[in-house]
Amino acid sequence: MKKFGLKKCGVILALAAALAGCSSPEESSGYSYTPTPPKFYPNPSKPTVTVEASELMNQVIIKWSGENWDGNDKIMRFDLYGVPGNYNPRSFYRDNAYTPFLEGRNAVEYKTVLPSSGDYFFRVEMSYSDREINPYNFIKVSSNSVSYNFTYTPLSAPKNVKAERVSDSEVRISWDSTGAYAYKIYYSDPYAQKKQCGYIGPASYKIISKSFSWFLVTYTIPDQTYFYVTSCDDGGESPYSEGVSYTFKN
């Protein structure tokens, strides 16, 4: 019994020593978890606005930028206002600016067509939340006001209009670009009246179907017709191009 007791004591001591040297499963696997503290952004600076001409006729690019904007989820919204001459401010642009919106950048740009000649004044208002003090307190800061003297360029009619068969019921209408913001395509009905059958942004062709819907109404272009193209933007529309004849084959 004495020998057995000593042996038993030795086993117990060895087991205790082994347990004392054991590490947790996380430590034995080499994995450890460290909580990521929340990231607090400094308050964003107020926007700085610039205006420049676009590559498209009668279009301008309005840009605004600032510091501490990149990924800053305090920024909630931008409002862009433009004042043509002495008219009331016009809201050109509004967009929510959550984190993905400003990820990797400290600037925003917006393109718009100006409809008439004159002096324009642009400014941007930024709304953000100073969440460290009060998450429900929204602060608005306004940018500088930028003046921009603009001269509207009258639109010219597209030239070299062509009509090429795509299928029995489709035709490809193409033209030489005039640099305009958009184009309208017309066809002539049996009474020689021109009716619109298409609209497209800055491009030089559009596929037209013989049957098409326009404002929830279905129209059918005559088998024999003429197609016309105009340049257009917010300021108006050019004269019609020369007509090009086309015959749909049944």
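A.B. asks: So what's going on with the environment of Gly-66? Which residues, and what values?
C.D. replies: Structurally, the position occupied by Gly-66 is in the loop between β2 (59–65) and β3 (75–84). Separated by 18 residues in sequence, Gly-66 and Thr-48 have C-alpha atoms that sit 6.3 Å apart. Apart from residues lying up to four places away in sequence, Gly-66 is in contact with Ser-45, Lys-46 and Asn-106.

A.B. asks: Outline the confidence of the model for the chain, supporting the account with residue identities and numerical values.
C.D. replies: It should be kept in mind that the predicted coordinates are not to be read in detail where pLDDT is low. Per-residue confidence for the chain gives a mean pLDDT of 80, with 73% of residues at or over 70. Every residue in residues 11–19 is under pLDDT 50, and counting partners more than four places away or in other chains gives zero contacts.

A.B. asks: Tell me about unusual backbone geometry, residues and numbers included.
C.D. replies: Here the phi dihedral of Asn-58 falls at roughly 65°; this positive angle occurs in a residue that is not glycine. Looking at where Asn-58 falls in the secondary structure, it is placed in the loop between β1 (48–53) and β2. Judged by relative accessible area, which is 5%, Asn-58 ranks as buried. A positive phi angle, near 60°, is found at Asn-160, a position not held by glycine. Mapped onto the fold, Asn-160 is located in strand β9 (residues 159–167).

A.B. asks: Give me the lowdown on the pairing of β1, citing residues and values where you can.
C.D. replies: The sheet contact formed by β1 and β2 spans six bridges and is antiparallel. Within β2, the position partnered with Thr-50 by the bridge is Lys-63.

A.B. asks: Before we move on, can you summarise the nonpolar core with the specific residues and values?
C.D. replies: Side chains of a nonpolar character, in soluble globular proteins, are inclined to be buried together. Trp-64, Ile-173 and Phe-227 are the most contacted members of the largest nonpolar core, which totals 39 residues. Counting residues per element, this core draws most heavily on strand β6 (residues 118–129), which supplies five residues.

A.B. asks: Let's hear about the pairing of strand β11 (residues 182–188): which residues, and what values?
C.D. replies: For β11, the tally of buried residues reaches six of seven residues, placing the bulk of the element in the interior. Where β11 and strand β16 (residues 224–233) come together, six bridges link them in antiparallel fashion. By the bridge assignment for β16, Ile-185 is matched with Val-229. Where β11 lies against strand β12 (residues 194–200), six bridges are found, and the strand directions are antiparallel. When the bridges of β12 are listed, Tyr-183 appears paired with Ile-200. Connecting the antiparallel pair β11 and β12 is a turn made up of five residues, with Ala-192 showing a positive phi of about 65°.

The rules behind these values
- Residues numbered from 1 in each chain as written.
- Predicted model: local features only at pLDDT ≥ 70, side-chain atom pairs only at ≥ 80, totals over all residues.
- Heavy atoms only, no water.
- Helix = DSSP H or I, 4+ residues; strand = E, 2+ residues; numbered from the N terminus.
- Contact = heavy atoms within 4.5 Å.
- pLDDT = per-residue confidence, 0-100.
- Buried < 20%, exposed > 50% of the residue type's maximum accessible area, 1.4 Å probe, protein only.
- Pairing = 2+ DSSP bridges.
- Core = buried A, V, L, I, M, F, W, Y, C linked by side-chain atoms within 4.5 Å.

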